[in-house]
Amino acid sequence: GQQVMQIPQYQHVQEGEDFTTYCNSSTTLSNIQWYKQRPGGHPVFLIQLVKSGEVKKQKRLTFQFGEAKKNSSLHITATQTTDVGTYFCAGPETNAGKSTFGDGTTLTVKP
Amino acid sequence: NAGVTQTPKFQVLKTGQSMTLQCAQDMNHEYMSWYRQDPGMGLRLIHYSVGAGITDQGEVPNGYNVSRSTTEDFPLRLLSAAPSQTSVYFCASSYSIPGLANKYEQYFGPGTRLTVT
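Residues numbered from 1 in each chain as written. Chains lettered and ligands numbered in written order. Predicted model: local features only at pLDDT ≥ 70, side-chain atom pairs only at ≥ 80, totals over all residues. Heavy atoms only, no water.

Participant: Before we move on, can you summarise the overall build of chain A with the specific residues and values?
Facilitator: A tally of regular secondary structure across chain A gives zero helices and 11 strands. Ordering the α and β elements of chain A from the N terminus gives β-β-β-β-β-β-β-β-β-β-β. Radius of gyration (C-alpha) of chain A: 13 Å, near the 13 Å computed for a compact globule of 111 residues. Counting only C-alpha atoms and orienting by the principal axes, one finds that chain A spans roughly 40 × 30 × 20 Å. Per-residue burial over chain A gives 50% buried out of 111 residues. Partitioning the intrachain contacts of chain A with sequence separation of at least 6 by distance along the chain shows that 53% fall at a separation of at least 24. For chain A, the exposed area adds up to about 5,200 Å²; of that, 51% sits on carbon and sulfur atoms. (Helix = DSSP H or I, 4+ residues; strand = E, 2+ residues; numbered from the N terminus. Rg over C-alpha atoms; globule rule 2.2 N^0.38 Å. Buried < 20%, exposed > 50% of the residue type's maximum accessible area, 1.4 Å probe, protein only. Contact = heavy atoms within 4.5 Å. Areas by Shrake-Rupley, 256 points an atom, 1.4 Å probe, with all protein chains shown as cover.)

Participant: Give me the lowdown on the sheet that holds strand β7 (residues 64–66) of chain B, citing residues and values where you can.
Facilitator: Residues and elements named next belong to chain B. A sheet is described by the order of its strands in space; here four strands give the open sequence β1-β3-β8-β7, paired in antiparallel fashion. Where the open sheet ends on each side, the last strands, each with one partner, are β1 (4–7) and β7. Across the sheet, the axes of successive neighbouring strands diverge by a mean angle of 20°, strand direction being ignored. As defined by bridge partners, strand β3 (residues 19–25) adjoins strand β8 (residues 76–78) across three bridges and the pair is classed as antiparallel. Bridge pairing links Leu21 to Leu76 in β8. (Pairing = 2+ DSSP bridges. Axes fitted to C-alpha atoms, helices over the stretch in contact; angles between N-to-C directions.)

Participant: Kindly report on the packing of aromatic side chains, identifying the contributing residues and their values.
Facilitator: Applying the stated criterion across every chain yields a total of 11 aromatic pairs over all chains. Aromatic pair B:Phe90 and B:Phe108: ring centres 6.3 Å apart, planes at 85°, arrangement edge-to-face. Within this pair, whereas B:Phe90 is found in strand β9 (residues 87–94), its partner B:Phe108 is found in strand β10 (residues 106–108), the two being separated by 18 residues in sequence. When sorted by exposure, B:Phe90 lands in the same class as B:Phe108, which is buried. Ring pairing ties together the aromatic residues A:Tyr35, A:Phe45, A:Phe88, A:Phe101, B:Tyr35, B:Phe90 and B:Phe108, which thus form one cluster. (Phe/Tyr/Trp six-rings, centres within 6.5 Å; stacked < 30°, edge-to-face > 60°.)

Participant: Account for the sheet that holds strand β6 (residues 55–58) of chain A, with residues named and values stated.
Facilitator: Residue and element names in this part refer to chain A. Read across the sheet, five strands follow the order β1-β3-β8-β7-β6 without closing on themselves; strand pairing throughout is antiparallel. Every other strand in the sheet has two partners, leaving β1 (4–7) and β6 as the edge strands with one partner each. Averaged over neighbouring strand pairs, the angle between their axes works out to 15° when direction is ignored. As paired elements, β6 and strand β7 (residues 61–65) share four bridges and run antiparallel to each other. Each residue of the ladder has a partner; that of Lys57, found in β7, is Thr62.

Participant: Any details on the pairing of β3(B)? Residues and values, ideally.
Facilitator: All names here are of chain B. Along β3, the buried face is formed by Met19, Leu21, Cys23 and Gln25; none of Thr20, Gln22 and Ala24, which line the opposite face, is buried. As judged from the four bridges shared by β1 and β3, these two strands associate in the antiparallel manner. Looking at the pairing, Thr5 lines up with Ala24 of β3.

Participant: Which residues make up the interface of chain A and chain B, and what values do they have?
Facilitator: Each partner contributes residues to the interface: chain A has 24 residues there, and chain B has 26 residues. Interface of chain A and chain B: buried area, both sides summed, is about 1,900 Å²; carbon and sulfur atoms make up 55% of it. Applying the counting rule to chain A against chain B returns zero salt bridges. Counting the contacts that link chain A with chain B gives four residue pairs in polar contact (both at pLDDT 80 or more). For the side of chain A that touches chain B, the elements supplying multiple residues, two or more each, are β4 (32–37), β5 (44–49), β9 (85–92) and β10 (99–101) of chain A. (Buried area = accessible area lost by both parts, 1.4 Å probe. Salt bridge = Lys/Arg side-chain N within 4 Å of Asp/Glu carboxyl O. Polar contact = N/O pair within 3.5 Å; in protein donor to acceptor, adjacent residues only side chain to side chain.)

Participant: Tell me about the pattern of salt bridges, and name the residues and values.
Facilitator: Under the defined criterion, the tally for this structure stands at four salt bridges over all chains. In this structure, A:Lys56 and A:Glu54 form a salt bridge, with 3.7 Å as the shortest nitrogen-oxygen distance. The exposure class assigned to A:Lys56 is partly exposed, which follows from its relative accessible area of 31%. When the shortest N-O distance is used, the salt bridge between B:Arg36 and B:Asp38 registers 2.8 Å. Classification of B:Arg36 as buried rests on a relative accessible area of 8%. A residue is classified by how much of its surface remains accessible, and B:Asp38, at 10% relative accessible area, is buried. By sharing partners, the salt bridges in this structure join B:Arg36, B:Asp38 and B:Arg44 into a single network.

Spelled out as structure tokens, the structure:
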């Protein structure tokens, strides 16, 4: 079945440093979603990328979808303590009810 | 809208007991899913449904049953609880609009934290 892998598993940064997490799928994806889960919370949808090579920005967050639609990245510029949490990528399979999630990258930010 | 609601928030079971985790959504979403999340790990799909009356197995279905008699509700039943089922359980709903970039955004409930002793 489809596998989605994320690296790194953990990232510790000093506040103000940049952060990047990478997501790789074993199969070509029709789209990819990114979610953020705060400690003790539930995953919250951040964004969906659909087109090959697509780049989207949300303030300090930049999301990219690879040309082959098998990989993606999330980059945070100048991290803040509010960025703490686990970032997941997810790729849908045959329908919207079934998605494969990566294991996530847990970001901690030292003030 | 309340979004996706889950009850209970916390539950402790003894091995062998059964129980039902409740999930409801008021967004008229056709798709609903159950995931479990173990400490430090990602989300693993247990069961999902593409509409009322239709369910299918995910990655880790053993020990769990689901049914979808209405669009709004998607309960998850633990048949005979085992310590390996200690986890956080998330219910999610989603929708797609074919032709409009197939929007797959999932809305998650707050989770049920289950401990089996």
